[in-house]
Number of protein chains: 2
Amino acid sequence: MIVPTLTTKADEVARTLEDEIVSGAVAPGQVLRQEGVCARFGVSRTPVREALQRLEALGLVTALPNRGARVRSISSAELREAFMIRAELESLATAQAAQRITAEQLARLDAAEERFAALTLEVRAQMRSGEPNTSELVVGWMAANHAFHDVIYEAAALPRVEMLAKSARRTFIGEHIWSARGELDELFARNDMQHRAIREALAAQSPDGARTLAREHVLSSGRLMEAALDLAAAKARPPDWLATHPQDHVWQTVGDSQGAER
Amino acid sequence: MIVPTLTTKADEVARTLEDEIVSGAVAPGQVLRQEGVCARFGVSRTPVREALQRLEALGLVTALPNRGARVRSISSAELREAFMIRAELESLATAQAAQRITAEQLARLDAAEERFAALTLEVRAQMRSGEPNTSELVVGWMAANHAFHDVIYEAAALPRVEMLAKSARRTFIGEHIWSARGELDELFARNDMQHRAIREALAAQSPDGARTLAREHVLSSGRLMEAALDLAAAKARPPDWLATHPQDHVWQTVGDSQGAER
DNA sequence: ATAGGAATTCTTGGATCCGAATGGAGGATG
DNA sequence: CATCCTCCATTCGGATCCAAGAATTCCTAT
């Protein structure tokens, strides 16, 4: 039963590539050969090119003219900026949600919070047991985190804000973040507490309180994420993907002397 | 330019179409036939399709599958949301700029303010003289307005915020806004005063003051823009482009009992 | 006469083909 | 031996061609 083309090939390719980029499956700085992509997906170059155009419009890749599309790597400044943007947009959405949330949505928010709390406990327990790498649990935790915020976005009824905040949310590449998550036990505990506080502000229909709590929530997440990145960078292993693009778009833009020659 | 192909055809088409959409030259709700576009630009359908993909990713058109791309019209709720987003992002950028602005940038801000004030006087004088429609003067006034804010964006050094704010700035279609500008003399005077206040806060390097002033500036602009739209809608002339797409994406969503605080 | 269905036509989506530009490799020359 | 020029291979941008889907129209049957 082939339901007639509810989605187009270019859309499929774009969505899959987008997921792969934000999940870190494809490394930042890597160039995407059109031939390779269309060989992977079994399609021609035309939908691949359209998908790359779309990804470039979304800011996920930078298209060098006549030289291919390279996955944008993100600097620490850009990471901070993304969290600033998320803080503004999420505080706006949460303040708006405080004025409009329904009882049914509040119940769903509680359910999401509950699942998030359970997964947080599970993640923390597993972290302390020394086992560092169960990716599906981390993915589930992130999904529960997003589900909590998605209820707030739904209550806010600001679709553009939701879209932009989610876009900002996915600017930081996923996998590299979690390389140092062992040192960040406090991130999980604090996140859960902040979620509960936001839930209370929403239940009390207090826009100002929800606004400041949401802002502080995102900004503290950003600070901890930055600390995680610094820890990961200090782990001394130079990332292998750094060798693929020598000078441009490095993560830590350390003041690498001045120009090499001259 | 003799420099070989610094820009691609699809880029040219996308940029021109984008300008035409945001300037209102092409009406909202209109469908863009690929053949017509490629006939207009003298190119094949391939770059046109890539340009449409990019515009769809930017949210300027909605692509129905197998049925063409239609220019997105904007509802009053979306307009309010766009101003909310601009208020958040611009207050963030202005607060950041207050901490980083240099003397040279402040001087350029003064120059932009001066030109903006002069053009404001000119526009108001022309409006009171009864002559309603000198589009190039209005375009110049908007450009001066944007130039003022662009200096702030440059000082803020938040490129992503700048891009998003400009994207939100261009979501409202230009031409229809100005159909009722005769009734909005206060908009111009207030804008100029607010610009001066923001300039003072930036010179004093006061992030909090700059933040609240920028927020109030954008929100008051949004309120006045909404009033202008209501006035234009009340002018009883049913907009011609409304006939092209009967039920979907209307401007005034009639069920909207919320909001509209004056 | 009206409603339903089938065929035609128009438009979009996807594939293939061709020209152009970039980058590297190799040779020639100072 | 180094540097510059030239040629070639790889890859991207644009055009054309073919297939598929949707809308309109026309025909038929009730």
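Residues numbered from 1 in each chain as written. Chains lettered and ligands numbered in written order. Predicted model: local features only at pLDDT ≥ 70, side-chain atom pairs only at ≥ 80, totals over all residues.

Caption draft 1: Inspection of the packing of helix α3 (residues 45–57) of chain A against helix α3 (residues 45–57) of chain B at higher detail. At their nearest, the axes of α3(A) and α3(B) sit 8 Å apart, and the two run at 35° to each other. By crossing handedness, the relation of α3(A) to α3(B) is classed as right-handed. On α3(B), the residues touching A:Arg49, A:Glu50, A:Gln53, A:Arg54 and A:Ala57 of α3(A) are B:Arg49, B:Glu50, B:Gln53, B:Arg54 and B:Ala57. (Axes fitted to C-alpha atoms, helices over the stretch in contact; angles between N-to-C directions. Helix = DSSP H or I, 4+ residues; strand = E, 2+ residues; numbered from the N terminus. Left-handed = near helix turned anticlockwise from the far one by under 90°. Contact = placed C-beta atoms within 7 Å.)

Caption draft 2: Spotlight on the sheet that holds strand β3 (residues 68–71) of chain A. Residues and elements named next belong to chain A. Taken in spatial order, the 3 strands line up as β1-β3-β2 in an open sheet, and their pairing is antiparallel. Sheet topology places β1 (31–32) and β2 (61–64) at the edges, where each strand pairs with a single neighbour. Sheet analysis places β1 next to β3, joined by 2 bridges and oriented antiparallel. In the sheet register, Val31 faces β3, and the bridge partner there is Arg70. (Pairing = 2+ DSSP bridges.)

Caption draft 3: Geometry of the nonpolar core. Ranked by internal contacts, the top residues of the largest apolar core, which has 73 residues, are A:Ala93 and B:Ala93. With residues up to four places along the chain from it excluded, the contact list for B:Ala93 reads B:Ile152, B:Tyr153, B:Ala156, B:Leu158, B:Val161, B:Glu162 and B:Ala165. (Core = buried A, V, L, I, M, F, W, Y, C linked by C-beta atoms within 7 Å. Buried ≥ 20, exposed ≤ 12 C-beta atoms within 10 Å, placed from the backbone.)

Caption draft 4: Representation of the protein's contact with DNA strand D within the structure. As a matter of local geometry, DNA strand D sits amid 21 residues, with A:Gln34, A:Gly68, B:Lys9, B:Ser44 and B:Thr46 nearest to it. Sorting elements by how many residues they give to the surface near DNA strand D places α3(B) first, with 3 residues. For the surface near DNA strand D, the residue count by class is 6 nonpolar, 8 polar and 7 charged. (Near = placed C-beta within 6 Å. Nonpolar A, V, L, I, M, F, W, Y, C, P; charged D, E, K, R; others polar.)

Caption draft 5: Quick look at the relation of the copies chain B and chain A. Superposition of chain B onto chain A requires a rotation of 180° combined with a translation of 0.0 Å along the rotation axis, giving an RMSD of 0.1 Å. The two molecules are tied by a two-fold rotation axis, judged by turn and shift. (Least-squares fit on C-alpha atoms with pLDDT ≥ 70 in both.)

Caption draft 6: The sheet that holds strand β3 (residues 68–71) of chain B, seen in detail. All names here are of chain B. An order of β1-β3-β2 is seen for the 3 strands of this open sheet, with the pairing classed as antiparallel. Unpaired on one side and paired on the other, β1 (31–32) and β2 (61–64) mark the two borders of the sheet. As judged from the 4 bridges shared by β2 and β3, these two strands associate in the antiparallel manner. Along β3, the bridge assignment pairs Leu64 with Gly68. Its contacts with the sheet put α3 on β1, β2 and β3, and the angle it makes with β2 is roughly 115°.

Caption draft 7: Main features of the protein's contact with DNA strand C. Near DNA strand C there are 22 residues, and of these A:Lys9, A:Ser44, A:Thr46, B:Gln34 and B:Gly68 occur at the shortest range. Of all the secondary-structure elements, those providing two or more residues to the surface near DNA strand C are α1 (9–22) and α3 of chain A together with α2 (34–41) and α3 of chain B. At 3 residues, α3(A) tops the list of elements feeding residues into the surface near DNA strand C. A breakdown of the residues in the surface near DNA strand C according to their chemical character gives 6 nonpolar, 9 polar and 7 charged.

Caption draft 8: Spatial organisation of the interface of chain B and chain A. Between chain B and chain A, the contact holds 21 residues from the first and 21 residues from the second. Among the secondary structure elements, those contributing two or more residues to the side of chain B that touches chain A are α3, α4 (76–100) and α7 (159–169) of chain B. Here the side of chain B that touches chain A takes 8 residues from α4(B), the largest share from any one element.

Caption draft 9: Quick peek at helix α9 (residues 185–203) of chain A. All names here are of chain A. Here α9 contains 19 residues, and its C-alpha end-to-end distance of 28 Å stays within 8% of the 27 Å for a straight helix at 1.5 Å per residue. When α9 is considered as a whole, its buried residues turn out to be Leu187, Phe188, Asn191, His195, Ile198, Arg199, Ala201 and Leu202. Looking straight down α9, one finds that the buried residues subtend no more than 160° of arc, so they occupy a single side. Turned more than 90 degrees from where α9 packs its buried face, Glu186 and Met193 sit exposed. (Expected span 1.5 Å × (residues − 1). Arc of directions from axis to C-beta.)

Caption draft 10: The pairing of β3(B), seen in detail. Here β3(B) shows a clear split, with B:Ala69 and B:Val71 buried on one side and none of B:Gly68 and B:Arg70 buried on the other. If you look at the hairpin formed by β2(B) and β3(B), you'll find 3 residues sitting between the two strands, and B:Asn66 has a positive phi there, around 65°.

Caption draft 11: Expanded view of the environment of B:His149. Residues and elements named next belong to chain B. Relative to the assigned elements, His149 resides in helix α6 (residues 135–156). Residue His149 is classed as buried on the basis of its 25 C-beta neighbours within 10 Å. Distance in space between the C-alpha atoms of His149 and Glu90 is 8.7 Å, their sequence separation being 59 residues.

Caption draft 12: Broad picture of the packing of helix α5 (residues 103–128) of chain B against helix α9 (residues 185–203) of chain B. Residue and element names in this part refer to chain B. Between α5 and α9, the shortest axis-to-axis distance is 10 Å and the interhelical angle comes to 170°. One finds that α5 runs roughly antiparallel with respect to α9. Each of Leu106, Leu109, Asp110, Glu113, Phe116, Ala117, Thr120, Val123, Arg124 and Met127 in α5 lies in contact with α9, whose residues at this interface are Asp185, Phe188, Asp192, His195, Arg196, Arg199, Leu202 and Ala203. (Parallel < 35°, antiparallel > 145°, perpendicular 65-115°, else oblique.)

Caption draft 13: Structural view of the environment of A:Phe41. Mapped onto the elements of the fold, A:Phe41 is located in helix α2 (residues 34–41). Each C-alpha atom, one on A:Phe41 and one on A:Arg100, is 43 Å from the other, the two residues being 59 residues apart in sequence.

Caption draft 14: Representation of unusual backbone geometry. Positive phi values are uncommon outside glycine, yet A:Asn66 reaches one of about 65°. Tracing the chain through its elements places A:Asn66 in the loop between β2 and β3. Despite not being glycine, B:Gln205 shows a phi value in the positive range, around 50°. Along the chain, B:Gln205 turns up in the loop between α9 and α10 (207–234). Its 13 C-beta neighbours within 10 Å are what place B:Gln205 among the partly exposed residues.

Caption draft 15: Local environment of the environment of B:Met84. Residue and element names in this part refer to chain B. Within the secondary structure, Met84 sits in helix α4. Since 23 C-beta atoms lie within 10 Å of it, Met84 is described here as buried. Distance in space between the C-alpha atoms of Met84 and Gln53 is 27 Å, their sequence separation being 31 residues.

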